[in-house]
Structure formats: C-alpha cells, structure tokens
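# A look at the structure
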Amino acid sequence: MYDSYNRKIQYLRVSVTDRCNFRCAYCMPAQGVKMLSHDEILSYEEFLRIIRILSNHGVKKIRLTGGEPLVRKGIIPFIRDIAALQAITDISMTTNGSLLAAMAEKLKAAGLTRVNISLDTINPKQFRQITRGGDLAQTLQGIEAALAVGLTPVKLNIVLTNMITEQDIAYFVDFIHREPVSVRFIEYMPIGESATGPGPSIEEIKTMINSFGRGKLKPTIDICGNGPAKYYDLPQAKGSFGFITPISEHFCGVCNRIRLTADGKFKPCLLSNQEIDVKTALRNGASDDKIAELFYQTIAKKPQGHTLTNPDEPTQFFRRMSQIGG
Ligand code: SAM
Ligand code: SF4
C-alpha cells in the first residue's frame, strides 16, 4: 500500500502501554502523565485483531513500544501470537532495557526478532538523573542478555541532551569495537517540555568520535530495519554508529510507518496531532473491512513532512512521547 507521496507503508508501531518504570527527563514530566485506565487501553486480543487485519493489507513489520513495553503483563504470549501470523516477517521492540535481562530468552523464543535499547549515558549518576531513578547496571545487563540470546542486530538509542559527555562517546567507540551493536544518536524532538538542556549537535558527536584515534567515520550501508538512521563505521569496529536527524535533516520522505496508540488510535505521523479512532469501531462490532478502511484513511492522512522546524506553524502536541509510542 502506497500513501499519497508514494511511500510504501508496511510498518506498524504499536504502543502496548502508556506506563513506564522510568520518567526520562525529555519524555515525561517528573510527576508522570495521567495514566490511562485499564478499560481505555486495548486488550492484547484487540491489538492482535488489528495486526492480523493489517497484515492482510501489506503490513509486514511490527515494532512494540510504549511507555515501557516490558512492564505490561502478558507481552510474551502476545509476541507469540503475532509471530504466528504468516505475513509478519519482523517483530522488534524499543525498550529501556531495565527488565530485559530476565526476559530476553523467553522473548526470543516467542518470536521477537530484535531490540532497540535506550541508553542515554553510561555514567550511573547521570543515568539515574536523566531517567529519574533508573539503574544503569540493569540496562547494561539487558543489553548483554539481548546480545547473548541473539535479539540482533541490537541497536542502542541515545537522545542527545546536555547529559552526554566525552566519556560516554569514548565508551561507545570502544563498545562498537567489542560488540556488533549499532549505537544511534537521536536529535531531541520538542514534544512537550524537557527537563534536560540542549545536547551537542550530530556534527559535534562525529568530531568527537573521530578524535579518539580509532580511525575516521565512513558512511556504510543501512543495517536491518531500513529506518531513518544514516550509518557509519570505523575501520576495525564490529558495530556501527547511526545518526537520526528529525530536526536538522528530516527523513519524512522515507517514512514508512503508521502508529497505533495504547488507547486505540491510529496516528499517521509521530509529529502530528491527527488521530483516527479504531478502538470505538472495534468495540462497536466493526467488520474486518471497516478496520482496514480506517487504516487506509490513516495512510491517506499521512502528511508529506512534519512542520516542527517551520516557525509559521507552531505545533502544540496533545500527547507526550510516552503516550504516543516513540
Ligand atoms: N520505554 C521505551 C524506551 O525508552 O526505549 C520505549 C518508548 S520511548 C518513548 C521510545 C524512544 O523514544 C526512546 O528511545 C526514547 O529515548 C525516545 N524519545 C522519547 N522522547 C523523545 C524526544 N523528545 N525526542 C527524541 N526521542 C525521544
Ligand atoms: Fe519511559 Fe522510554 Fe519515556 Fe524513558 S523514554 S520515560 S523509558 S517511555
């Protein structure tokens, strides 16, 4: 299925919960956000029905996100049910990694293909500060477990904030020499307020990476996922670096995804307030064709590009990132 701008839509991002055991300073306010009630959130059966229908209309790839997807009970059988759908070829997850160590093996066995793990700094104190209480050691154990059980390629997500230091970059340079991971730096997107200050630019990060005497960054081909990151490697590294630039060089032209929020709304674009209510239709007995029609309506509404950097079009977002599913 192609949208109005000839982008092939075959990727659904599913936010299975708005709840999270962290309160990252750029994602949520310190007191958290008003949580959805049990009834407001789609059941796994409801998610599965939508995914099954969409898989008959070109969706091949599913990413589970949140909030923190691993805090929702029953995630493993849910993954097993998605994996049983013939048309689905890739099931990935974005997680903060804190609960991953104990679950990695079962997630893999259920059919999860790979994980992206958020790791904004490797300084335990800064990590606790940025996540407002998170334990770095648990996330590092989660990364190790993901590598050990083969939830690969493992990708790390680092949002650029003022917490990132040269020590972090040195660690990541060393890490991609030791492990076949992809370390991706992501520009902060102003969705609601952030309690962190602006971080270094992508160019500054590249300059730092090049300064460690391990060779110079060289562009390389995309690794599994075909996402928006531009990848680079270093001469002797097993892994790579990725740079995701929604602000300085947006990639809307290759955006191939639709989102489904935990409370049952299709979103054509992360950075737009447009939503299409699928939950009400689902709970009022809509046919599979009707659900598919709502999906096509969502695709038709996919904007050509976001307007975050256009000063004439200020956007007030209704939801924080944890409520959309980043
Ligand atoms: N809890 C999981 C996690 O942290 O990986 C999944 C949900 S989280 C909303 C998904 C991704 O969005 C994370 O990598 C997080 O760092 C990123 N994110 C959250 N707020 C962001 C913002 N304002 N700008 C850029 N990335 C953001
Ligand atoms: Fe939770 Fe992920 Fe948001 Fe951090 S970025 S508060 S871990 S949802």
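Procedures and definitions
- Numbering of residues begins from 1 in every chain and follows the order in which that chain's sequence is written.
- As a convention, the first chain written is A and the first ligand written is 1, with the rest following in written order.
- In view of the model being predicted, local features appear only for residues whose pLDDT reaches at least 70, and side-chain atom pairs are presented and counted only at 80 or more, with totals across whole chains, interfaces and linings using the full set of residues.
- Only heavy atoms go into the side-chain values, all of them from the structure, while hydrogens and water stay out.
- UniProt positions are given in the numbering used here, feature names are shortened, and annotations may be inferred rather than shown by experiment.
- Here, nonpolar core means buried Ala, Val, Leu, Ile, Met, Phe, Trp, Tyr and Cys residues that are tied together by side-chain atoms lying within 4.5 Å of each other.
- Classification of residues uses two cut-offs on accessible area relative to the type maximum, computed with a 1.4 Å probe and protein chains only: under 20% is buried, over 50% is exposed, and between them is partly exposed.
- Every helix listed is a DSSP run of H or I at least four residues long, and every strand listed is a run of E at least two residues long, numbered separately from the N terminus.
- Contacts are assigned to residue pairs with any non-hydrogen atoms lying within 4.5 Å of each other.
- In these notes, residues near a molecule or strand are those with any non-hydrogen atom within 4 Å of it.
- By the convention adopted, Pro, Cys, Tyr, Trp, Phe, Met, Ile, Leu, Val and Ala count as nonpolar, Lys, Arg, Asp and Glu as charged, and the other residues, Gly among them, as polar.
- One requirement defines pairing of two strands: DSSP has to find at least two bridges between them.
- Axis lines are fitted through C-alpha atoms, for helices just across the contact stretch, and the angle between N-to-C directions can take any value from 0 to 180 degrees.
- Geometric relationships in this document are graded by angle, where less than 35 degrees denotes roughly parallel, more than 145 denotes roughly antiparallel, 65 to 115 denotes roughly perpendicular, and other angles denote oblique.
- Whenever Lys or Arg places a side-chain nitrogen within 4 Å of a carboxyl oxygen from Asp or Glu, that contact is recorded as a salt bridge.
- In the analysis that follows, any N or O atom pair within 3.5 Å is treated as a polar contact, provided that within protein one partner can donate a hydrogen and the other can accept it, and provided that, for residues neighboring in sequence, both atoms belong to side chains.

Under an unreviewed UniProt entry, the name given to the protein is GTP 3',8-cyclase, and the source organism is Sporomusa silvacetica DSM 10669. Its UniProt record, at the heading Subunit (unreviewed entry), says of the protein: "Monomer and homodimer."

### Considering the nonpolar core
Grouped together as the largest cluster of nonpolar side chains are 94 residues, with contacts concentrated most on Leu 64, Ile 75, Leu 107, Phe 185, Ile 209, Phe 241 and Phe 266. When residues of this core are assigned to their parent elements, the largest contribution, six residues, is made by helix α1 (residues 44–55). In this structure Phe 241 touches Phe 172, Val 173, Ile 176, Val 183, Phe 185, Ile 209, Leu 217, Lys 230, Tyr 231, Tyr 232 and Leu 234, once residues within four positions along its chain are discounted.

### Side note on the site of ligand 2
In the region of ligand 2, the neighbouring residues are Cys 20, Phe 22, Arg 23, Cys 24, Cys 27, Gly 67 and Asn 96. Across the shell around ligand 2, the residue classes break down as four nonpolar, two polar and one charged.

### As for the UniProt feature "binding site: [4Fe-4S] cluster 2" (unreviewed entry) in the protein
Look at the UniProt record and you will see "binding site: [4Fe-4S] cluster 2" (unreviewed entry) annotated at Cys 252, Cys 255 and Cys 269. The named residues occupy 18 residues along the chain; their greatest pairwise C-alpha distance, 9.3 Å, places them in one compact cluster. Locating Cys 255 in the fold gives a position in the loop between β9 (240–244) and β10 (257–260). In contact with Cys 255, not counting residues within four places along its chain, are Arg 7, Ile 9 and Lys 302. Residue placement: Cys 269 occurs in the loop between β11 (265–267) and β12 (276–277). What makes Cys 269 buried here is its relative accessible area of 13%.

### Description of the sheet that holds β9
The mixed open sheet is built from 12 strands, whose spatial order is β7-β8-β9-β6-β5-β4-β3-β2-β1-β10-β11-β12. Each end of this open sheet is capped by a strand with a single partner; those strands are β7 (218–219) and β12. Relative to strand β4 (residues 114–118), helix α5 (residues 136–149) is tilted by about 160 degrees, and along the sheet it contacts β4 and β5 (155–159). Sheet strands touched by helix α9 (residues 288–300): β10, β11 and β12. Its angle to β11, the strand with the most contacts, is close to 30 degrees.

### A word on the packing of α1 against α9
The interhelical angle for the contact between α1 and α9, taken along N-to-C directions, is 75 degrees, at an axis separation of 10 Å. Here α1 lies roughly perpendicular to α9, going by the angle between them. Of α9, the residues touching α1 (which contributes Arg 49, Arg 52, Ile 53 and Leu 54) are Asp 288, Ile 291, Ala 292 and Phe 295.

### Re the pattern of salt bridges
One pass over the structure, following the stated rule, counts 10 salt bridges. A salt bridge links Asp 90 to Arg 114, with the nearest nitrogen and oxygen atoms 2.7 Å apart. Residue Asp 90 is found in strand β3 (residues 90–95), and its partner Arg 114 is found in strand β4; the two are separated by 24 residues along the sequence. Among the residues examined, Asp 90 registers a relative accessible area of 9% and is labelled buried. Close ionic contact of Arg 214 with Asp 174 constitutes a salt bridge, the shortest N to O distance being 3.6 Å. Here the residue Arg 214 occupies a position in the loop between α7 (202–210) and β7, and Asp 174 occupies one in helix α6 (residues 166–178), the gap between them amounting to 40 residues.

### Structural notes on the side chain of Thr 261
Inspection of the secondary structure assignment puts Thr 261 in the loop between β10 and β11. Reaching out from Thr 261, the side chain makes a polar contact with the side chain of Asp 263 at a distance of 2.6 Å. Residues contacting Thr 261, with those up to four places away along its chain left out, are Ser 15, Phe 47, Lys 267, Arg 319, Gln 323 and Ile 324.

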